[in-house]
Every structure is written in C-alpha cells, then in structure tokens.
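# Report on the structure
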There are 4 protein chains.
Amino acid sequence: MIIVLKPHTTEENITRVENLVKTRGLDTHIVRGTEMTIIGCIGDTTLIDPRLFEVDSSVDKVMHVQEPYKLANRAFHPENSVIDVSGVKFGDGHMGLIAGPCSVESFEQVLEVAKAVKDAGANMLRGGAFKPRTSPYSFQGLGLEGLDILCAVKEETGLPIVTELMSPQYLDVFNEKVDLIQIGARNMQNFDLLKQLGQVKRPILLKRGLNATYEEWIMSAEYIMASGNENVILCERGIRTFETFTRNTLDLQSIPVLRKKTHLPVVVDPSHAGGKWWLVEPMAKAAVAAGADGLMIEVHNNPECALCDGAQSLKPEKYEALLRQVKEIAQVVGKVF
Amino acid sequence: MIIVLKPHTTEENITRVENLVKTRGLDTHIVRGTEMTIIGCIGDTTLIDPRLFEVDSSVDKVMHVQEPYKLANRAFHPENSVIDVSGVKFGDGHMGLIAGPCSVESFEQVLEVAKAVKDAGANMLRGGAFKPRTSPYSFQGLGLEGLDILCAVKEETGLPIVTELMSPQYLDVFNEKVDLIQIGARNMQNFDLLKQLGQVKRPILLKRGLNATYEEWIMSAEYIMASGNENVILCERGIRTFETFTRNTLDLQSIPVLRKKTHLPVVVDPSHAGGKWWLVEPMAKAAVAAGADGLMIEVHNNPECALCDGAQSLKPEKYEALLRQVKEIAQVVGKVF
Amino acid sequence: MIIVLKPHTTEENITRVENLVKTRGLDTHIVRGTEMTIIGCIGDTTLIDPRLFEVDSSVDKVMHVQEPYKLANRAFHPENSVIDVSGVKFGDGHMGLIAGPCSVESFEQVLEVAKAVKDAGANMLRGGAFKPRTSPYSFQGLGLEGLDILCAVKEETGLPIVTELMSPQYLDVFNEKVDLIQIGARNMQNFDLLKQLGQVKRPILLKRGLNATYEEWIMSAEYIMASGNENVILCERGIRTFETFTRNTLDLQSIPVLRKKTHLPVVVDPSHAGGKWWLVEPMAKAAVAAGADGLMIEVHNNPECALCDGAQSLKPEKYEALLRQVKEIAQVVGKVF
Amino acid sequence: MIIVLKPHTTEENITRVENLVKTRGLDTHIVRGTEMTIIGCIGDTTLIDPRLFEVDSSVDKVMHVQEPYKLANRAFHPENSVIDVSGVKFGDGHMGLIAGPCSVESFEQVLEVAKAVKDAGANMLRGGAFKPRTSPYSFQGLGLEGLDILCAVKEETGLPIVTELMSPQYLDVFNEKVDLIQIGARNMQNFDLLKQLGQVKRPILLKRGLNATYEEWIMSAEYIMASGNENVILCERGIRTFETFTRNTLDLQSIPVLRKKTHLPVVVDPSHAGGKWWLVEPMAKAAVAAGADGLMIEVHNNPECALCDGAQSLKPEKYEALLRQVKEIAQVVGKVF
C-alpha cells in the first residue's frame, strides 16, 4: 500500500501518518519527491482497508499495490486449478459443455432437451428451478419440483446437473442433489449466502455480477474459498454498459485477465449476455478462441413456447452444429476433449 | 405492448403472430405502415414477458409501453405516500434526517454520536451492525451485539433506528427491534430476501443497486409491496459509472424521476455515493434542493479511527453546520420541518 | 510515478528498470516490501507516459501519483479564477446565468426569448447556430446566418452571447463576434480544434464529453491553456451511463471535485443532461446548492414548435419562477449577484 | 414511430396530437388500449426527430420503430459490401490483416516492422503520423514527416497504408497519399470532419467512439455515406465501462450485431481495446471466431522503446505465431484468404 501525502506536508505530519501506519502492524518507507512525499507500507496489507488512512488531513490518496485476495490468487498458486464436477473436468485444457433449457418446465421437456444436447456433445445439463426475475409477477420457476425433475433427468441421461441457488434455506437440498451449484449475477455480492457456501461439499459456479469488476468478482470467490470451499468456477455472462441493444455486453477480455490473476477455471455464458439467440453462436466460438474453460448455453426444443428467455435459446440442431465448430476452434487453441 | 414485425412479413405470418398474442389473453390491433407492420397488444400486459414474442421469426422487436409495476405506480396512486417510521415522517413535504456512524463500534461511540446528531437536528439514528464488505477479511460488523447497542442508544436518546438486514435468518429480530429496516444496494435484487420482507411490519429503506435502472429499482419495491408490505422508502446512493475518482456517481435526477413514476418517498445518502467527506456537504444540499424527502449521512466523532468508511464521515460540528443550510434550502423548495 | 515490480524480481532486473527510469531524466528510490518491490520515480513526471514502463517484463503496473496537468491545477494556482465574459463574471462567487433557445430559428424568435430571459434575470444569451446532430438528416442549424441573428439580438438587448464552434474554419468569425465560444461534448477531445483555440482571445466554455473522466476533462482545458488561452470555463452536462430513461446522468459531484482539482469556474447545463424540461428545475436548483458558478438553460417561447430539443426547453415564465428560487438558494450557499 | 399518450387523454387532445403528426407529412393510426392510447405514425420517419412530439403535454413517450439510417442499412442493401483498399478486400469472407507500429518514429523502424509483418502474412500497414493524445505534453506524432515515411515504406514493401486523420486541413494530402483514412474514436462524432470525408475518394476506417451505441456508430458512417463516400469500414476498438483494469472493454458482440444491421465490413482492433499486449492474442482469435472482416494489430520491433503504447504492441515473432492460429480459426468459420 502506498500513501501519497499532500504537497508541503510538514515533517511532523509525515511522522504522524507513519505512526498511524505502524499501529496497524506495518513498516514504512518514505520516498521524498520534488513535489510530493509518499509512504510505502511494508507488510501484509491484504487485511487493511486503504480508506482508513485516506481520512487523514495530510493524506492525498492511498493506492493499493497488492491484490487483496490470497486463496484465489495465481501468485500463490501458479498451476491452473482443475475442478471436477461429478466426473466432468473444468480447467487446464478441460472444457465443460453445459447446455439445457432456461427454466425447468416439465420432465418431458427437460428430458428431450437433455438427450438432444448429450447427443450433440454436451457433458452437463443446466435448467432453472428457482428463477431470479426482475418482476414479482413473472414466472418464478417450479422450485423444488423443478429440482426433482432435474434429478430424474440426470438419472435417465447420466448428465450431471447445474442449477441456481437463491436462498440459504435450500442449502442442504442443493448440497445433496445438485452437482454444481450456481450463484447468479444478482447474488454475487450476497455475502451472507457466499459465506454459507463454505459448508457445502459441491463445487460452485459463480456468475459475474452485472457491475462487478474483476477484483470484486475474484473477492466473491475468495469469500467462498475462505469459508471452506475451494472449488469455485467463474462464469462470465456479460456486464451492464450504456449499450442497450444487447441485454449485456459480453466481456471476453475477462478470460485472459482472470487467467493471469487467478488459477480458477472460467466458463462463459453467451446466452444471457446478448439475450438473442443469433448472438450465441458467434460469441460461443469467440469465447473458446479466447481460451474459455467451458460454455453454458441455453437450448430449448421449442423456444417459441419457453416460459422464460425463449429469445436467447438455441434449437438442438443449431447447438449441435455450433459444437462441431467449437470443437475445431478448441483444438486450434490447444484444448483437450 | 407493441410488436414490430420484420419488413415484408406475409399476411399468414402476421395472423400467426396475432394468434400467439391472443393465446396470452390480449387483444390485437394491426397498424400497417409503408415499410413495416406493427401489432398493438391491448389488455393487461404487466404480467407478460415481451421476450416471449421476440423469439418469433417474423418479429423484429417488442416494445413495452406500459410500466410493469402497479402498487408502486403513481398512475394508480396519485398522492404522495407518507411513510411513518416510529413517529418520523417521510414524504409529501416531511423530511427524515438520518445520521450516525457507518459501523456500530461500541455503546459509548454510538451514544456520543447519537447525542451530537440529535442536538444538530437529526431525527433518526443510523449505524451498521451487519456490514456488507467486498473482502472476507474486512471487519464484518458486531452483528447482534451491534443491534443491541443501537437499541440501548435508542432507549437513551429516543431516536428511532435504521440498520441493514443482510440475511433472512435475522428477520424476526429486526422486525422486533429495528424501526426502519435497510436493504443494501448489493441486495436490491436478492429477490428471496425481498419476498420475505412482505411478512414484516416495519417499513423498509430500499437502497438503489449500483447498476439498477429506475425501473428495476421500483420493481424491487414492487416485490416487497406485492408480498404484503407497502411501506417502502427508496434511497439513492450513487450508481457505478466509468468515473472512478468518486466511489459512485450520485444520480440526483433520480429524485424528480421517481417523483413522477412512483408515490414512494425518496431519501439520498451522499456519504456512500462519493466516498469522501468533503463531497457530503455540497451533495446533501443539492439533494434537498432537488426535492429529496430525507438525507442519510454518516457522522463519526472520530473519523480517523473509524473501523470502516471513516473517509466519508463528517464530524458532528460539520454536520450541525450543514443541517442549518439544509433547512434553509428546504424552506426555499417548500419542505416542512 | 510509482513502478510496482512483479514478485521475485531479481536485483539485476530491478537495476535495469531503475536505469530505464533514469534515462527519462528521473531519480529513483527503491522500496522493498515483504512481497514486492516498488520504485518511486522522483522528478517531473507530468511529461512521461506511464505506459512506457509497463511494457517491461519485470514491471507489474505503473501508478500515477502526480496530476498530469499544470496550468489548470489548483495546487499551482490556489485562488479561484474569475473569467470575465464581456462584463459577466464567472467564478469566486460570481454566477453566470445563461439562457436561450436550443437552436437559432429566426431573429424574432431569438429576440423574444432573449428579452424574456433578460427580464427574468439572465445575464447571457445562448443559441445554437451550428448544431451537432447524430443524424445527417436532422436540422443542422442556420450556420453563419444564425450567428448574425445572435449578434443582432445582442445589439438589441445588450446580452453577451455564447454559441458552439464545431469547425476550425469559423475560428476567425467566432473570435470576432462571439463573447464565449462553446466547445461541445462531442468535440471535447477534438485535440486539433482545442489547440487552435489558443490563438483566440475569447473565453472558452468547454463541455464535458459524454464519457470523459474528470482528469480527461481538465486535460482538455489544459490543451487550450497550454496553447495560449487561459480563459476556460468548464460545463457539466451529464455523462453517459446505463440509465437510459434520462438522456444523460447529470454528475453534480463534478462541482466539488473540480473545485478541489482546478481553479477554473464550473457551469452546469441541466437541459441537455436530462433531456426533459421537468428535470431542469430541480437540477438547476441542485446545481446551485452544490456550488455551481453558473447555469446554462434552454428557454423557448414555443417549445412545441422548436426545431430541436423542444422537449427539454422551459417556457419563459417557468424560467423566471426558477430563477427566483435559484437566487434564494445561491444566497444560502454564499454566492453574490 | 409510435406515440404513447398519457392515460386518460381526451379525444380532443388525441386529435390535436394527430394533427401535429400530420403537419410533418405522416399518416396516423390510433390504437386504443384498455389503459392507454397509442398513435402509430406511418410514412418515412427517418427524417423526423421523435423529441419534437415528446414535448406535447398529452404525450407520454415516443418510440422509434424504424432505423434512422438508410445507406448503411442492410434492410435496403441485403448483400455484404466488399470494400477494396488498393487491392486488399474487406468483407464477405475477405479479411484485411493490418499491422504496424502505434506511432511512426523513423523510416528504419517502420520499414523493419513492415517487412516483418508482411512476412508474417499481413496485407496492410498501419502507423500513426498524427496522434490523438490526452495530454498536450505527450508526443503528438511526426505529422507530415511521418506520413512521408509511411509512403516511402509503402513504396518499398508494396503494403497499402492506413493512418489517422485528425484535422480537415490535411484532407487533400491524405486523399492523395493514404490508402485507407482512419477516423479515430474521439472524432467519431466530429460531424464537421465526417461531412468533409464525402469529398474524398479513399475508403474510410471509422473507429467506434468510446461511448457510442451501435446506432450512433452506424449514423456516423451514414454521415460519410450521405456526403458522397460509401466506402466505409467500421472498426471496433472497445468501449468505456466501469472496468478499469483493461483500458476499454472490447465488445465482440458488435460483430454479429453490425452484421445484422448494416452491410459494411467490421474490423477489430484488439490492441487499443485492452491496452496490454498479452490481451491481443486471445482477443484477435476471438474476433475472428466471431466473424470479424479484419484485424488491426500493433506490432513493434522494440516495444520497450516505443514512443507511445509500447505496452500494447506485439513483437513480430508473436504476431507471426498469432496469424497462424488466426488463419486456422478463420477457416473454421468460413473466411477465405
């Protein structure tokens, strides 16, 4: 941490700020420039809020130098993590290919889609049982009944399942039944929920919040890891920008950035990002070319009748054609299948 | 709801889309332009997701005309709502003046600040017992012990209290002890929590999410109202933009916009928006000039030692001077005290 | 400037980076932390692009400590600048009250509005002769003919005029006829134009770009000042964010921030920010409460027929009522009239 | 265009608004819903500013249905445009591979880089002679001397050149010497400059503004086309968002979106978007996978000493390796070389 002092700060005040830093258990090192003086803070600054010093009347600004995360930090864990989800591997060359309907509507619907995506090459099934909806009047998902449908389809097809957890009250049932527990974008900073995920043995799929910086996103992973569950997969699903023609702006730079900052795998969800089915294909291919460790794609056997998000769902035949190209691109960039 | 069809859509396809709309219980009305045809959908479209129709291959886009909220909508409730929080009124000319420390640190600290802000003219006490922090390693608040301190200070000073609820597990204790239950920006779309607030008899202070549009924010209020609790106060606290010198960009246009769209009171928190104490004074005055129904301001007797957010806290004497100007401006714009 | 080295950088590499810095005429100072080493760069770093060092394979990141501007910097010019525009003062307690139609449409129109706003208390006239329009098919302004109309109305009413310059080809005629030359948001980083403004004797009103940070905005003022014209007034007119109900998000925190960083006056244009006339009144009052040195407001005698931006124009009687409240608030915050 | 009236608008007012629409040469069609009435406007609404009607006291909002552009619109020009730049084709399967240094520094430097990128497979040379810099104190480019260097290197290598035009004063010399004239992000809405490009016979490379929506970007192309020059290539180079670790957020969804809305080719510049060389490789591959019609990449023989933007430049050998993978991916998605 670096503390930049205001111009013309007196020696007395420099000493005072230095002492303030030392009371937090850090060493200091003064750099006197021609126009300003800075204090380098030496020691473990991860646990210290830089704003504590900003309040001082001699301090101009405080700059963080060290990353505030440890467990998720590639610097302390140089190898790529491989997360195993009931046999499906994510990371270090392994790709997870997740597909399925936005919402669970019926056993027949999920089964039909599951079989089709499995035939196309998917290795995991998605489907929303509990749905976060902007409006209280929109379809909120089938809930536990939807979860049971997913389990029944898993039984039938052998595909592990991923579905979203919205409430701590269902933690135990998710831990029992769900192979990969998804935390949605809107709950990425629901810190209370994140802490409870430490008690779960299942891996977590942590979606990026609509306005989350890379650092905040990794810090949310760090919450889960620090609580006891180190199996976290990150999922880029678009951020909110000024552009409104697309639902969100898919930030594929996040893939190489996260690769550099953390050892955790990164999956991309192109369906929610754009909100239009014809954006899914080019963006899925782009994500793989950029190095993604997996794709999560909405597929529906009858998008016209989907209870939610039909507009962003691919039909099974389009998904199959897409996966063929995806695999070719994956080979170019060195992934294994 | 208006459905814009693609150019050159055939009569057959127009009829097909019309029928799709009718199966959702709406009437239709066709407008044939020189270059395109649109279908006006007549009936209650609040409950219908426009994306259901976007998936159709003849549909270019779907535009919402009606607001998707009812209970919070000024159109159906033209008078300003007045929310009474244990005797302190918000709305329709009444202003709530909330002040206190960011975090509850000790009984002595809170009491000292509470007395000072009460003397300065505040009519409600704030203080964080449960703190949402980006880092799992930062101070997370005193929890229930902090809540008890707030209650003890309320006992002593008579000031009603407002504090943040982060987890459904504390719903009952908050309902019992807290006069105004705050839902933080990061939980504005924690729909599970919002629904449970319907069972609570206390009013809710709903902060705007960092990336929430006006409509999404009102929809979150609608969630609480639709669940059974109509006493919601909205709190503008800044949104996330590209500008990073300030913590967030305070959007004061939200005050007149919300005034037009909803009957609920709007409070402004200038402390969290800017993240710097010297921004609080001008922004508090601006908020009142723009018509805010209340202010929530962080005040600390010793900001240099505050366990969190000291940099954005005012000292009591500054708060007092500020309130004098605030009251003069409030009179100019027709508020009552 | 501070250079943060990657963890485990060797002594040899540290020395190499140090030498790289020294070739740019700076001194260095090494701070060795427990986990990382940083190099403090001492000297005038204003002229040095930090990205020059970022490319080095041992460098993790480079952080700017010093502001990159000199002439506009309050640190080197502590007193508030007062800019005199043909007798109307901006800054240090003096407020400019600019009003007039969005576009110049006819002599009669401009004269009628000018008389009305002068009676209401305005001391400067605005009106667009050259209009920046998103569409090539929209009305582009009357051009030089519009400029002559403004001059004729100035003759009649005595109000100095402000209007937008879009092209270097009209520099001379603007220098001759226009009291305050406006540079629009879309040209804030038209560096070629900015440089040419140094040759002009008239003061410049520099609008904030839709995506300009505070620093970039001040740097654009620095361009003009460094070219020889130190009379720059900054104009906040809203930034682009994810919120689209309002045309732009008016950032009133810019007023106190600029006050701290620069000595130049700051004017607010609430008409363009919101794009709706009913937002102008509350935002104009808020701007003054926050300390603005002036207001620029669109007023039209017949907004329903305005050739552009009628939706954001006030009628003269509303403007007059607004100015009465504005002046009361200005007194509360210590402005002189 | 659709005009949504306020609830409970009287018949008299409906008729008045209808007449207002008719005076603009449009027909109207009324749709009476249960809660609101809308007026469909029939005719060519491209030339009409929707804000003209918004000002009416009975109007709630006005929604644009038709795209405001004609010449750039795919609806009126369904085939992909192929733009030929001195023999290098962009669009409809043809890819332009542009590479070269950020700034022109010397003949030797540019020649060395040009030869290297040509050997690697590039078919066009880039290099900045006039540089848009945020600071007036930064290196501003060699100007006309730089342009002559580019021409000399073109002579030597046969590679057509692309470089940025910042000022109308150099229009003639660019028209004479430059194969593809680049308009930078900061001048995307310098409408005065755009209009003058109509008089130029050379194709234009139009970069996306940092805060430009897809529609605004296409409208800027429309400006050039409507002025007489229909040879426009669009260049995605990242937009400004809240994320600041990367210089800009590269929006690859723009590729399929523009493909749908316009017939013009789309090129991607991954170097400026991320601002870090290690982001260029994954993003270049992703751009091609998403269907880009070309890549513009900064390559420098000695990035450590580059006068600007060295941090985002690839070394020639990395560029060569990248192009090998790029070509493999291009084949997968059906491009020809």
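Up top is the structure these notes are about.
Residues numbered from 1 in each chain as written. Chains lettered and ligands numbered in written order. Predicted model: local features only at pLDDT ≥ 70, side-chain atom pairs only at ≥ 80, totals over all residues. Heavy atoms only, no water.

### Quick word on the nonpolar core
Counting 306 residues, the largest nonpolar core has Tyr 319 of chain A, Tyr 319 of chain B, Tyr 319 of chain C together with Tyr 319 of chain D as the members making the most contacts within it. Beyond its immediate chain neighbours, meaning those up to four positions away, Tyr 319 of chain D contacts Leu 97, Ile 98, Ala 99, Val 117, Ala 120, Ala 122, Ile 297, Val 299 and Leu 314 of chain D. (Core = buried A, V, L, I, M, F, W, Y, C linked by side-chain atoms within 4.5 Å. Buried < 20%, exposed > 50% of the residue type's maximum accessible area, 1.4 Å probe, protein only. Contact = heavy atoms within 4.5 Å.)

### A short note on the relation of the copies chain A and chain C
Once chain A has been moved 0.0 Å along the axis and rotated by 180°, it coincides with chain C to within an RMSD of 0.0 Å. Taken together, these values place the two copies in the relation of a two-fold axis. Across chain A, the smallest distance between a C-alpha and the rotation axis is recorded for Phe 242 of chain A, namely 2.1 Å. Comparing interface residues between copies, 96% of those in chain A also sit at the interface in chain C, which points to an isologous, same-surface contact. (Least-squares fit on C-alpha atoms with pLDDT ≥ 70 in both.)

### A look at the interface of chain A and chain C
Counting residues at the interface gives 26 residues for chain A, matched by 25 residues for chain C. For the pair chain A and chain C, the number of links is 0 salt bridges. The interface formed by chain A and chain C holds 1 residue pair in polar contact (both at pLDDT 80 or more) in total. Of all the secondary-structure elements, those providing two or more residues to the side of chain A that touches chain C are strand S1 (2-5), strand S2 (27-32), strand S3 (37-42) and strand S4 (59-63) of chain A. No other element matches the 4 residues that S2 of chain A contributes to the side of chain A that touches chain C. Residues that form the side of chain A that touches chain C fall into these classes: 11 nonpolar, 9 polar and 6 charged. (Salt bridge = Lys/Arg side-chain N within 4 Å of Asp/Glu carboxyl O. Polar contact = N/O pair within 3.5 Å; in protein donor to acceptor, adjacent residues only side chain to side chain. Helix = DSSP H or I, 4+ residues; strand = E, 2+ residues; numbered from the N terminus. Nonpolar A, V, L, I, M, F, W, Y, C, P; charged D, E, K, R; others polar.)

### A short note on the packing of aromatic side chains
Residues and elements named next belong to chain B. Per the stated rule, a full pass over the model turns up 20 aromatic pairs over all chains. Between Phe 130 and Phe 174 the ring centres are 6.0 Å apart and the planes differ by 45°, which places this aromatic pair in the tilted class. Pair noted here: Phe 130 is in the loop between strand S8 (124-126) and helix H4 (144-157) and Phe 174 is in helix H5 (residues 171-177), with a separation of 44 residues, a long-range link. Residue classification places Phe 130 among the buried residues on the basis of a relative accessible area of 13%. Note on Phe 245 and Trp 278: the rings are 6.5 Å apart at their centroids and 50° apart in plane angle, and the pair reads as tilted. Of this pair, Phe 245 sits in the loop between strand S12 (232-236) and helix H8 (254-261) while Trp 278 sits in helix H10 (residues 277-289), placing them 33 residues apart in sequence. On the basis of relative accessibility, which here comes to 29%, the residue Phe 245 falls in the partly exposed class. (Phe/Tyr/Trp six-rings, centres within 6.5 Å; stacked < 30°, edge-to-face > 60°.)

### Regarding H4 of chain B
Residues and elements named next belong to chain B. Helix length check: H4 (14 residues) gives 20 Å between terminal C-alpha atoms against 20 Å at 1.5 Å per residue, within 8%. Regarding H4, the residues found buried are Gly 146, Leu 147, Ile 149, Leu 150, Val 153 and Thr 157. Viewed along the axis of H4, the buried residues span an arc of 155°, placing them on a single side of the element. Among the exposed residues of H4, those pointing more than 90 degrees away from its buried face are Glu 145 and Glu 155. Next to the buried residues of H4 lie helix H3 (107-120), S8, strand S9 (161-164) and H5. Directly after H4, the chain includes Gly 158, whose backbone phi takes a positive value near 80°. (Expected span 1.5 Å × (residues − 1). Arc of directions from axis to C-beta.)

### Overview of the interface of chain D and chain C
Listed by partner, the interface residues are 48 residues for chain D and 48 residues for chain C. Regarding the contact of chain D and chain C, the summed buried area is about 4,400 Å², with carbon and sulfur atoms giving 50% of it. A salt bridge links Arg 240 of chain D to Glu 216 of chain C, with the shortest nitrogen-to-oxygen separation between them at 2.7 Å. Inspection of the region where chain D meets chain C yields 18 residue pairs in polar contact (both at pLDDT 80 or more). Listed by contribution, the elements that provide at least two residues to the side of chain D that touches chain C are helix H2 (51-54), helix H6 (191-196) and helix H7 (214-226) of chain D. Grouping the constituent residues of the side of chain D that touches chain C by class yields 20 nonpolar, 14 polar and 14 charged. (Buried area = accessible area lost by both parts, 1.4 Å probe.)

### Brief notes about the pattern of salt bridges
Residue and element names in this part refer to chain B. Under the counting rule described, the total for this entry stands at 63 salt bridges over all chains. With a shortest N-O distance of 3.3 Å, Lys 335 and Asp 293 are connected by a salt bridge. Here Lys 335, found in the segment after helix H11 (316-332), pairs with Asp 293, found in the loop between H10 and strand S14 (294-298); they are 42 residues apart in sequence, far enough to count as distant. On the basis of relative accessibility, which here comes to 12%, the residue Lys 335 falls in the buried class.

### So, unusual backbone geometry
One non-glycine residue, Asp 92 of chain A, lies in positive phi territory at about 55°. Its location among the elements puts Asp 92 of chain A in the loop between strand S6 (88-90) and strand S7 (96-100). Of note in this structure, His 8 of chain B is not a glycine but carries a positive phi near 65°.

### Re the packing of helix H7 (residues 214-226) of chain B against H8 of chain B
All names here are of chain B. Closest axis-to-axis distance for the H7/H8 pair is 11 Å, and the angle between their directions is 55°. If you check the angle between H7 and H8, you find them oblique. The way H7 lies across H8 gives a crossing that is right-handed. Side by side, H7 and H8 meet where Tyr 214, Trp 217 and Ile 218 of the first sit next to Ser 254, Val 257, Leu 258 and Lys 261 of the second. Split into classes, the residues belonging to the contact of H7 with H8 amount to 5 nonpolar, 1 polar and 1 charged. (Axes fitted to C-alpha atoms, helices over the stretch in contact; angles between N-to-C directions. Parallel < 35°, antiparallel > 145°, perpendicular 65-115°, else oblique. Left-handed = near helix turned anticlockwise from the far one by under 90°.)

### Points about the sheet that holds strand S2 (residues 27-32) of chain B
Residue and element names in this part refer to chain B. Here 4 strands make up an open sheet; going across it, the order is S2-S3-S1-S4 and the pairing antiparallel. Of all strands in the sheet, those bounded by a partner on one side alone are S2 and strand S4 (59-63). Strand-to-strand, the axes of this sheet are offset by a mean angle of 20°, without reference to chain direction. Of the strand pairs in this sheet, S2 and strand S3 (residues 37-42) are connected by 6 bridges, and their pairing is antiparallel. Paired with Arg 32 across the two strands is Thr 37, which belongs to S3. Seen against the sheet, helix H1 (residues 11-22) touches strand S1 (2-5), S2, S3 and S4 and runs at an angle of roughly 150° to S2. (Pairing = 2+ DSSP bridges.)

### Here's the deal with the pairing of S14 of chain B
Note on strand geometry: in a regular strand, side chains alternate between the two faces of the sheet. All names here are of chain B. With respect to burial, S14 is a largely interior element, 5 of its 5 residues being buried. Side chains Gly 294, Met 296 and Glu 298 project from S14 onto one buried face, and the interleaved Leu 295 and Ile 297 project onto a second face that is buried too. Relative to S14, strand S7 (residues 96-100) is paired through 5 bridges, and the arrangement is parallel. Each residue of the ladder has a partner; that of Gly 100, found in S14, is Glu 298.

### Some thoughts on the environment of Val 333 of chain D
Residue position: Val 333 of chain D is located in the segment after helix H11 (316-332). Residues Val 333 of chain D and Lys 154 of chain D, 179 residues apart in the sequence, show an inter-C-alpha distance of 31 Å. Setting aside anything within four residues of it in sequence, one finds Val 333 of chain D in contact with Lys 285, Gln 325 and Ile 329 of chain A together with Val 288 and Ala 289 of chain D.

### What to know about the sheet that holds strand S4 (residues 59-63) of chain D
All names here are of chain D. In spatial order, the strands read S2-S3-S1-S4; together these 4 strands make up an open sheet with antiparallel pairing. Every interior strand has two partners, whereas the edge strands, strand S2 (27-32) and S4, have only one. Across the sheet, the axes of successive neighbouring strands diverge by a mean angle of 20°, strand direction being ignored. Bridge count for strand S1 (residues 2-5) against strand S3 (residues 37-42) is 3 bridges, and the pairing is antiparallel. Paired with Ile 2 across the two strands is Gly 40, which belongs to S3. On the sheet, helix H1 (residues 11-22) packs against S1, S2, S3 and S4 and is oriented at approximately 150° with respect to S2.

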